[in-house]
Amino acid sequence: MKVDAAVNEYVRRGAEVAGVHGGLLEVLTSSYRELDVQLPIRCESGELLLCRGYRVQHNGARGPYKGGIRYHPSVNLPEMRAMASLMTWKSALVDVPFGGAKGGVAVDPDVLTEWDLQQITRKFAQHIHHVLGPYRDIPAPDVNTNAQTMAWFMDAYSDINGYTPAVVTGKPVSLGGAPGREQATGWGVVDVLAAYFEHHGDDVAGKRVAIQGFGNVGSWAAEKLGRIGATVVAVSDVYGGIHCADGLNIEALSRDVKEGASVGEVSQGELITNNELLGLTCDVVIPAALGEAITEKNVGRISAELVVEAANFPVTPEADAVLKDRGIPVIPDILANAGGVAGSYFEWTQNIQQFTWSEDRFGKELCARLNTATRTTLRRAEDAAVTMREAAFAIGVERVAEATRLRGYV
Ligand code: GLU
């Protein structure tokens, strides 16, 4: 099944629980606008690189379109369509006044220079600026993009439209970024996890956790887990992972990785593959890398008590059905990684008010918002006797359907 059809499968199940059908459901399972642009770049080497850029705006009933921009060779229109849809439900679930969008460029950033990446970012901004704006569509970082990418993007947009920091979130703090936004997705994963255990009369402290992916999301989740007394027993990156039953030293690991080492090059624990990591016997496994990490091919390996989707779409519907049969709960992506967009809302809100918050306030508001969304999802799952994913999508679909109707869109 293609990724956009697979995400719609999740949307339909949520809509079923929410009682949303017919033409309205058709609106909610298709995009509003899909942009596919040509990006010819003259690289630092003098070579011409011709790549394609995409921006999909899924639904804007609840506010400006919102979602990240990723740079990866696998980026394509169906993937962007799927990710844009996930952003709609995620924003609605954590009740921030945004719709859903996603964009990206099909390119391998590992083979490009900093200069090349700046040219790609500027050209992309120039080619799609007419559908963006602080009250239209607000990009943010995603896979292989960061605060620097957002600074270039904001600058290129501002060249055309005048100084507009609120057109992107995830900016460097010195350019209107919010202290805490960089950490927000990873910290948010842990806030959701803490609320989940609390709801069940349990505590995240003392839990043994394996994390697939040690990028922006995985590394900040690991940092917070360590801080609140959980044990991170394994982490990985694209090349493989490390495992230590007594717990890894996350501070040392983060330092080495920031200096350019891959996870496997860090002398801690024993080396394992990504598939071995997913199969570790532990309390929680967190796929925090790319989508489709857990499929019908490897779902049989999962031995953790709980799966937390820090990545977007890391579990395919086929694998999800197996986990359900095996009684392994899944905290869905639209809840687990919603700290990113919630944090983006805090940044955007500060930009448009020209007012700044402390990192402490940011962290507290993030935690409170994710706590509410987690409790609402768990209660709905219990009341309707459905999975957390079905409950989360049902809440998202209900809220978006109501706004769509109220605005007279259908
Ligand atoms: N890229 C993040 C996500 O997938 C954040 C998006 C945003 O803040 O707009 O949720």
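The name recorded for the protein in an unreviewed UniProt entry is Glutamate dehydrogenase, from Candidatus Neomicrothrix parvicella RN1.

Visitor: Describe the UniProt feature "binding site: NAD(+)" (unreviewed entry) in the protein, and please don't skip the residues or the numbers.
Guide: According to UniProt, the "binding site: NAD(+)" (unreviewed entry) feature falls on T185 and N216. Spanning 32 residues, the named residues nonetheless gather at one spot, since no C-alpha pair among them exceeds 8.0 Å. Within the secondary structure, T185 sits in helix α6 (residues 181-199). The contacts of T185, once residues within four sequence positions are left out, are V217, N337, G339 and G340.

Visitor: How would you explain the pattern of salt bridges if you had to name every residue and give the values?
Guide: Think of it this way: side chains of opposite charge can pair up when their charged atoms draw near. Within the structure shown, the criterion is met by 21 salt bridges. Residue D95 is joined to R62 by a salt bridge in which the shortest nitrogen-to-oxygen separation is 2.9 Å. One end of the pair, D95, is in the loop between α3 (77-93) and β4 (100-105); the other, R62, is in the loop between β2 (48-59) and β3 (65-71), and 33 residues separate them in sequence. Judged by its relative accessible area of 45%, D95 is partly exposed. Here E79 and R70 are joined by a salt bridge, their closest N and O atoms 3.4 Å apart. Residue E79 shares its accessibility class with R70, and that shared class is buried. Here the salt bridges do not stand alone but share partners, grouping R70, E79, K102 and D142 into one network.

Visitor: I'd like to hear about the nonpolar core, residue by residue, with values.
Guide: Core analysis: the largest hydrophobic core is formed by 99 residues, its most contacted members being L225, I286 and I331. At eight residues, the largest contribution of residues to this core is made by helix α14 (residues 388-406). In contact with L225, not counting residues within four places along its chain, are V190, L193, V204, V209, I211, A230, V232 and I286. Ranked by size, the runner-up nonpolar core spans 26 residues in total, among them V37, Y71, L112 and V168.

Visitor: Give a description of the sheet that holds β3 that names residues and reports values.
Guide: The five strands are arranged β1-β2-β4-β3-β5 in an open sheet whose pairing can be described as mixed. The two strands at the open ends of the sheet, each matched to only one other strand, are β1 (33-42) and β5 (137-141). Recorded for the sheet is a direction-independent mean angle of 20° between the axes of neighbouring strands. Strand direction decides the pairing type here: β2 and β4, joined by six bridges, are antiparallel. Within β4, the residue paired with N59 across the bridge is G100. Where helix α5 (residues 147-161) meets the sheet, it contacts β3 and β5, and its direction lies at approximately 150° from that of β5.

Visitor: Could you give me a rundown of the site of the ligand, with the residues and numbers involved?
Guide: Within the structure, the ligand sits among 14 residues, and K66, K90, P141, D142 and S344 are positioned closest to it. At a separation of 3.1 Å, an oxygen atom of the ligand approaches a polar side-chain atom of K102. A distance of 2.9 Å separates a nitrogen atom of the ligand from a polar atom in the backbone of P141. Breaking the shell around the ligand down by element, the ones donating at least two residues are β3, α3, β5 and α12 (339-353). Residue composition of the shell around the ligand, grouped by class: four nonpolar, five polar and five charged.

Visitor: Could you give me a rundown of the sheet that holds strand β7 (residues 231-237), with the residues and numbers involved?
Guide: Spatially, the seven strands line up as an open sheet ordered β9-β8-β7-β6-β10-β11-β12, and their pairing is mixed. Two strands lie at the open edges of the sheet, namely β9 (270-272) and β12 (330-331), each paired on one side alone. The pairing of strand β8 (residues 240-243) with β9 spans three bridges and is antiparallel. Each bridged residue has a counterpart across the sheet, and for H243 the counterpart in β9 is E270. Helix α7 (residues 216-227) contacts β6 (208-212), β7 and β10 (284-287) of the sheet and is inclined by roughly 165° relative to β6.

Visitor: Could you give an account of unusual backbone geometry, naming the residues involved and the relevant values?
Guide: Positive phi outside glycine occurs at D95, with the angle close to 60°. A positive phi angle, close to 50°, is found at A385, a residue other than glycine. Structurally, the position occupied by A385 is in the loop between α13 (359-384) and α14. A relative accessible area of 70% means that A385 is categorised as exposed.

Visitor: So, the packing of α3 against α14: which residues are in play, and what are the values?
Guide: Axis separation between α3 and α14 bottoms out at 8 Å; the angle between their running directions is 85°. Relative to α14, the element α3 lies roughly perpendicular. Taking contact as the criterion, the partners of L86, T88, W89, A92 and L93 in α3 are, on α14, A392, F393, I395, G396, V397, R399 and V400. Of the residues that constitute the contact of α3 with α14, the class distribution is nine nonpolar, two polar and one charged.

Conventions and cut-offs
- Residues numbered from 1 in each chain as written.
- Predicted model: local features only at pLDDT ≥ 70, side-chain atom pairs only at ≥ 80, totals over all residues.
- Heavy atoms only, no water.
- UniProt positions renumbered as here; feature names shortened; annotations may be inferred.
- Helix = DSSP H or I, 4+ residues; strand = E, 2+ residues; numbered from the N terminus.
- Contact = heavy atoms within 4.5 Å.
- Salt bridge = Lys/Arg side-chain N within 4 Å of Asp/Glu carboxyl O.
- Buried < 20%, exposed > 50% of the residue type's maximum accessible area, 1.4 Å probe, protein only.
- Core = buried A, V, L, I, M, F, W, Y, C linked by side-chain atoms within 4.5 Å.
- Pairing = 2+ DSSP bridges.
- Axes fitted to C-alpha atoms, helices over the stretch in contact; angles between N-to-C directions.
- Near = heavy atom within 4 Å.
- Polar contact = N/O pair within 3.5 Å; in protein donor to acceptor, adjacent residues only side chain to side chain.
- Nonpolar A, V, L, I, M, F, W, Y, C, P; charged D, E, K, R; others polar.
- Parallel < 35°, antiparallel > 145°, perpendicular 65-115°, else oblique.

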